[in-house]
Amino acid sequence: GNSDVCMVWKVVSMNLEIIGIGSALVDITVQVDDSFLESENLPKGGMTLVDAARSKELLDKLANYSKELSPGGATANVMASFAHCGGKAGFIGKVGNDEMGNYFRTETEKAGATFLQLISKDTPTGTGLTLVTPDGQRTFATHLGAAVELNPTELPAEILNQAPTIHVEAYLVFNRELIDYILDTAKANGQKVSMDLSSFGVVQENLEYLDRISASHLDIVFANEDECHAFTGLCPTDSLEVFSSICEIAVVKEGEKGSHIAKGDQKISIAAERICVIDTNGAGDAYAGAVLYGLSKGLHIESCGRIGTKAGALAVSQRGARLTEDSAQLLREFASKIR
């Protein structure tokens, strides 16, 4: 019942600067050829949600392929990046009582983020099966598993109130009861709410809802060019105007074209670093976490953008969605010098 949950949380009293809430997933990356996608009817470059049985079936078929594990989940990656900059980040998510759940916890803590974990007794940890074809394109078969079982009764207001800012991913809109609860609780707590729009598909399907909450509850919004277009029908710079008229801070990411940040009348654009791109996975999350770190320190939006740009550049110059220890060290040194 609910009383065990409260017991779990009682011991926690942290001095956090941000708390992220989202799906705790482990990414499993496998190199396949196009014929595998065709035979399994997975649309190339797309993201397909699969159930536990289908997830197991796909993994069984890939039993003899070599696999790379990495911690995933957009918000968890954002919190890892915030921590890599030297900030105090917490992440709330639900995992299964299994090997993948242990792996997720270890990796999140290794990044320096505090994992406020909830454990599902019967459902496995969610996984994002990432199928990479020879042309480098990624196709996802995601089993959300325990991640979707997160519910409001497990998140007492005093736990959410452990940091001045709450960051969520738009994927949570699939659980309206949960996202409404988080937004209302944060507002009642006087916290700032940051949201990453996550995917243009999510924006298209939930446009009316996102439009409403961005005006009523969101203080900080992150969007890439596809998400901008889905939300406003406009190009990134024009979308920035729209978002900044509704939210206190608007951040638009354009990949190799750089990024734009607006706060009130101030608007800045920052060029991306010229860099040899190895893997773009997680670059937007690394960028967002670093911008949020700068904002938490009260830095000017241009300084925030510079730290974000550095994080994004480090992320694309290596494999995997989260920075290696060496890259994280470089980011922390860089962030500590920015005023």
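Residues numbered from 1 in each chain as written. Predicted model: local features only at pLDDT ≥ 70, side-chain atom pairs only at ≥ 80, totals over all residues. Heavy atoms only, no water.

### Focus: the pairing of strand 13 (residues 259-263)
Link 1 in the chain: Buried residues dominate strand 13, accounting for 4 of its 5 residues.
Link 2 in the chain: In this sheet, strand 13 lies alongside strand 12 (residues 249-253) in antiparallel orientation, the contact comprising 5 bridges. Each residue of the ladder has a partner; that of Ala250, found in strand 13, is Ala262.
Link 3 in the chain: Counted between consecutive antiparallel strands, the loop separating strand 12 from strand 13 contains 5 residues, among which Gly255 sits at a positive phi close to 55°.
Link 4 in the chain: Relative to strand 14 (residues 266-270), strand 13 runs antiparallel, the two being bridged by 5 bridges. Note on strand 14: the bridge partner recorded for Ile261 is Ile268.
Link 5 in the chain: In textbook terms, the turn of a hairpin is the stretch between consecutive antiparallel strands, and for strand 13 and strand 14 this stretch comprises 2 residues, one of which, Gly264, has a positive phi near 60°. (Buried < 20%, exposed > 50% of the residue type's maximum accessible area, 1.4 Å probe, protein only. Helix = DSSP H or I, 4+ residues; strand = E, 2+ residues; numbered from the N terminus. Pairing = 2+ DSSP bridges.)

### Examining helix 13 (residues 301-316)
Link 1 in the chain: With 16 residues, helix 13 ought to run about 22 Å at 1.5 Å a step, and its terminal C-alpha atoms sit 22 Å apart, in line with that.
Link 2 in the chain: When you tally the buried positions in helix 13, you get 13 out of 16 residues, the bulk of the element. (Expected span 1.5 Å × (residues − 1).)

### Focus on the sheet that holds strand 14
Link 1 in the chain: Taken in spatial order, the 9 strands make up an open sheet running 6-5-1-9-10-11-12-13-14, and their pairing is mixed. Among the strands making up the open sheet, the edge pair consists of strand 6 (114-120) and strand 14. The sheet shows a mean angle of 15° between the axes of neighbouring strands, direction not considered.
Link 2 in the chain: Along the sheet, helix 7 (residues 176-189) makes contact with strand 1 (18-21), strand 9 (165-169) and strand 10 (192-196), crossing strand 9 at roughly 160°.
Link 3 in the chain: Sheet strands touched by helix 11 (residues 236-246): strand 11 (220-224), strand 12, strand 13 and strand 14. Its angle to strand 12, the strand with the most contacts, is close to 160°. (Axes fitted to C-alpha atoms, helices over the stretch in contact; angles between N-to-C directions. Contact = heavy atoms within 4.5 Å.)

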